[in-house]
Amino acid sequence: DPELYKEFGFDVVYRRKQMLIKRADVPQMADHGITYRLDYKHLVKVYSQFTAKFDGMMVRDEAYFRDLSYEVEAQGGKILACYDSQGEIAGYAVLYLVDGVLTLQEIVYLDSRSLMKILNHCLQLRFEVVVEVSEAEQLEKLFSKGCSEFNLDEWIDSEDLRVIPYKTVANEGVMTGFSAD
């Protein structure tokens, strides 16, 4: 219950939703341009371009992404980057594999092709993935068959500590492990 957090100084900052995306929802394509080797300058660039469309987004710099990559790795996750055919950064995603469920906790993309490329790669690791996006993003419009959706509230305290309540989504895929280059 989100109300429980209020007595500890947390408030809803923005609403997020989780979407269950299945292999059948995303066309298969080559993995060209997907890498787990990060260039923090590129992540700043694509994040800045993506968030320019939204109000109230946090400013991030190279130090933020360096710290994020250490934090994600320490928690068993990975960050992947997506580059277009001209070698320009087109998106990235923060991935966690927990109890067999691959969750894209954050996904940033400049166009639908980079979004689909990231999703395609993740769906090569698992037959279903959970994608967390802002309430304003309407990814369901990209999927002709629709997809399952769950609402989340993101809470934040005065020290910018993020706590996100999760709903567990069962994964029936049989693929195991986490692939990286």
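Residues numbered from 1 in each chain as written. Predicted model: local features only at pLDDT ≥ 70, side-chain atom pairs only at ≥ 80, totals over all residues. Heavy atoms only, no water.

Student: Which residues make up the overall build of the protein chain, and what are the values?
Tutor: Summing up its helical and strand segments, the protein chain has three helices and eight strands in all. For the protein chain, the α and β elements follow one another from N to C terminus as β-β-α-α-β-β-β-α-β-β-β. Burial analysis of the protein chain (181 residues in total) assigns 43% to the buried set. Here the contacts in the protein chain between residues at least 6 apart in sequence split such that 72% fall between residues at least 24 apart. With an accessible surface of roughly 10000 Å², the protein chain has 49% of that area assigned to carbon and sulfur atoms. (Helix = DSSP H or I, 4+ residues; strand = E, 2+ residues; numbered from the N terminus. Buried < 20%, exposed > 50% of the residue type's maximum accessible area, 1.4 Å probe, protein only. Contact = heavy atoms within 4.5 Å. Areas by Shrake-Rupley, 256 points an atom, 1.4 Å probe, with all protein chains shown as cover.)

Student: Go over the pairing of strand S4 (residues 89-98), please, and point to the residues and values.
Tutor: Of all 10 residues making up S4, eight are buried, and the element is well covered by its neighbours. Note: strand S3 (residues 78-83) against S4, six bridges, orientation antiparallel. Across the sheet, residue Cys82 finds its bridge partner in S4, namely Gly91. Once S3 ends, the chain turns through five residues before running back antiparallel as S4, passing Gly87 with a positive phi of about 80 degrees. (Pairing = 2+ DSSP bridges.)

Student: I'd love a proper account of the pattern of salt bridges, names of residues and values included.
Tutor: Summed over all chains, the structure comprises two salt bridges. A salt bridge links Arg60 to Glu106, with the nearest nitrogen and oxygen atoms 2.6 Å apart. Residue Arg60 is located in the loop between helix H1 (40-51) and helix H2 (62-74), and its partner Glu106 is located in strand S5 (residues 101-109); the two are separated by 46 residues in the primary sequence. Here Arg60 matches Glu106 in class, with each residue buried. (Salt bridge = Lys/Arg side-chain N within 4 Å of Asp/Glu carboxyl O.)

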